[in-house]
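Spelled out from the first residue to the last, the chains are:
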Amino acid sequence: MNAKGESTGPTVLVVADTAARIAAELSRRSPPLSAIPLDGSPDASEILNRLSGADCLVLDPTASDFDTVEMVREYDSLLPIVLFTARDPATFAESAIRADVTDYVSATAEDAYERLLDRIERRVTRYDRETVDRVSTRMQPLAAFTSDLHACTDELEAIRMAADAATEILAFDRCSFGVERDGMLRVVEERGGDHGERDVLPSDEGIAGLSYQSGEALLVDDVSAYPRVESDNEVALLSVPIGKHGIFQAVGDGIGVFTTEDYEAAVLLCDHLAETLSRIEREDEIAEQERFFREVLNSIPDPVYILDESLRFDTVNDALLEAVPYSRDQLVEMSVAEIPNDTVEGDFTTELQEILDSGGSFRGEIEVNNDGECIPYQLNTRRIVHDGEPMLLGVAR
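Attention here is on the structure that accompanies the text. (Residues numbered from 1 in each chain as written. Predicted model: local features only at pLDDT ≥ 70, side-chain atom pairs only at ≥ 80, totals over all residues. Heavy atoms only, no water.)

1. Considering the sheet that holds strand β1 (residues 11-16)
Thinking step 1. Here we have five strands laid out as an open sheet, ordered β2-β1-β3-β4-β5, and parallel in their pairing. The two strands at the open ends of the sheet, each matched to only one other strand, are β2 (34-39) and β5 (103-106). Going from strand to strand, the sheet's axes swing by 20 degrees on average, the running direction of each strand aside.
Thinking step 2. Bridging between β1 and strand β3 (residues 56-59) involves four bridges; their strand directions are parallel. Bridge pairing in β3 links Val14 to Val58.
Thinking step 3. Relative to the sheet, helix α1 (residues 19-29) contacts β1, β2 and β4 (81-85), its axis offset from that of β2 by approximately 170 degrees.
Thinking step 4. Across the sheet, helix α3 (residues 66-75) touches β3 and β4, and the angle it forms with β4 is around 155 degrees. (Pairing = 2+ DSSP bridges. Helix = DSSP H or I, 4+ residues; strand = E, 2+ residues; numbered from the N terminus. Axes fitted to C-alpha atoms, helices over the stretch in contact; angles between N-to-C directions. Contact = heavy atoms within 4.5 Å.)

Here's what the structure looks like:
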């Protein structure tokens, strides 16, 4: 099983002057193994472009230099890199150590391919384990962070928290978060200077627009070679939609520097941020509806009340508070039956319970004693249903 959990042998990228022959021999000796040959002297970008699905790199240093190996190590610090060459190791040992090569097998040994397959198997097994550990090391603090994110109640604060997590937990040194407003993607948080495309961009232009409109995260190994972008910058780019809310972009210095783990971590972060922003949006809409309802209710000059299924005061307007000797907090803790007789003359608890149970309406007269002044009111109460629960809506005149 490879690092991506597929039920196959490892995928090995072979870079050598005789890569096709080496790959064929590896596949013949170990059929589950998938060997991808790169003959000749491919440049660094070609090697990096082929590494996304590889579990191991087998390299003859006569076909590539160690600067390329160092670039591969920047792409994936754990990827097994095995030198397979007929060259005397003394001629490249220092460079191999500096480039952090994983292992070496002499191509002139009688059992060269047995040794090479053994090293590949052992190194890939360790790579799988270390990759899981690396993902866990990265995802565990991200999981702890998301609980704080989900408690956030402000849109810009949530985005700021996500930007901090992107740099401090996911190690994206250059990144930005943009929100969609009136057909434009506008950057509201950025880290690390030059972070990708323009700060203000139409939501259907560039890589950001393509990712936002399609709802798909994009991993671009080389922005300069991407067909939708006019750029000479040889950098990698991650572009991840934040639901319908906006876009996240991260820039990597160099071609193909972002890994599958980077991609998955960015998608996970943006999914959590999108969920949080959607919740905040819903809560803001509910709060606005409640403010509007309160304004309408308080604009009515007559006392208005809503009773719950226990005949307790659920909602009252300002006019009712002026008519009784209780504050809002006191009143919402009381039921109709708990109002003292010296405050309200007249008990209609039975009639109110009947219409709560069976529907209809009720009219009755009461007197309210407010600071020694008795004021008569005519009650008009009817049954309503809110969120599936029966309630009573009443007006006093």
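2. Let's talk about the pairing of strand β7 (residues 184-191)
Thinking step 1. Of the strand pairs in this sheet, strand β6 (residues 174-181) and β7 are connected by seven bridges, and their pairing is antiparallel. In the strand pairing of β7, Phe177 is matched with Glu189.
Thinking step 2. Between β6 and β7, which follow one another and run antiparallel, lie two residues, and Asp182 among them has a positive phi close to 55 degrees.
Thinking step 3. As paired elements, β7 and strand β8 (residues 200-202) share three bridges and run antiparallel to each other. Within β8, the position partnered with Arg186 by the bridge is Val200.

3. Focus on the nonpolar core
Soluble globular proteins tend to pack their nonpolar side chains together in the buried interior.
Thinking step 1. Within the largest apolar cluster, 33 residues are counted, with the highest numbers of intra-cluster contacts made by Phe172, Phe177, Ile242, Phe248, Leu269 and Leu273.
Thinking step 2. Of all hydrophobic cores here, the second largest spans 26 residues; its members include Val316, Met334, Val336 and Ile355. (Core = buried A, V, L, I, M, F, W, Y, C linked by side-chain atoms within 4.5 Å. Buried < 20%, exposed > 50% of the residue type's maximum accessible area, 1.4 Å probe, protein only.)

4. Focus on the sheet that holds β7
Thinking step 1. Strand order across the open sheet formed by six strands is β8-β7-β6-β11-β10-β9, with antiparallel pairing between neighbours. Only two strands of the sheet have a single neighbouring strand rather than two, namely β8 and β9 (218-220). Strand-to-strand twist across the sheet, computed as the mean angle between neighbouring axes with direction ignored, equals 20 degrees.
Thinking step 2. Both β9 and strand β10 (residues 236-242) contribute to a ladder of three bridges, which runs antiparallel. Bridged to Leu219 within β10 is Leu238.
Thinking step 3. Docked against the sheet, helix α6 (residues 155-168) engages β6, β7 and β11 (246-252), running at close to 55 degrees with respect to β7.

5. Here we look at the pattern of salt bridges
For side chains of opposite charge, pairing can occur when their charged atoms come near one another.
Thinking step 1. Applying the stated criterion to the full structure yields 19 salt bridges.
Thinking step 2. Taken together, the salt bridges that share partners define one network made up of Glu157, Arg160, Asp164, Glu189 and Arg191. (Salt bridge = Lys/Arg side-chain N within 4 Å of Asp/Glu carboxyl O.)

6. With respect to the packing of α6 against helix α8 (residues 260-299)
The description of two helices packed together rests on the angle between their axes and the distance between the axes.
Thinking step 1. Look at α6 against α8: their axes get within 10 Å of each other, and the N-to-C directions meet at 170 degrees. Relative to α8, the element α6 is oriented roughly antiparallel. From α6, Glu155, Ala158, Ile159, Ala162, Ala165 and Ala166 reach across to α8, where they touch Leu269, Leu273, Thr276, Leu277 and Ile280.
Thinking step 2. Grouping the constituent residues of the contact of α6 with α8 by class yields nine nonpolar, one polar and one charged. (Parallel < 35°, antiparallel > 145°, perpendicular 65-115°, else oblique. Nonpolar A, V, L, I, M, F, W, Y, C, P; charged D, E, K, R; others polar.)

7. Looking at the pairing of strand β13 (residues 313-316)
Thinking step 1. By the bridge criterion, three bridges tie strand β12 (residues 304-307) to β13 in an arrangement that is antiparallel. Its bridge partner being in β13, Ile306 is matched across the sheet by Thr315.
Thinking step 2. Where β12 hands over to β13, the hairpin turn is made up of five residues, of which Leu311 adopts a positive phi near 60 degrees.

8. With respect to the environment of Ala151
Thinking step 1. Turning to its location among the elements, Ala151 is positioned in the loop between α5 (112-150) and α6.
Thinking step 2. For Ala151, a relative accessible area of 56% gives the class exposed.
Thinking step 3. Spatially, the C-alpha atoms of Ala151 and Leu170 are 21 Å apart, while their sequence positions differ by 19 residues.

9. A word on the packing of aromatic side chains
Thinking step 1. As enumerated under the stated definition, the model contains seven aromatic pairs in all.
Thinking step 2. Of the aromatic side chains, those joined through ring pairs into one cluster are Phe172, Phe177, Phe248 and Phe258. (Phe/Tyr/Trp six-rings, centres within 6.5 Å; stacked < 30°, edge-to-face > 60°.)

Distances and angles like these do not, on their own, reveal function.
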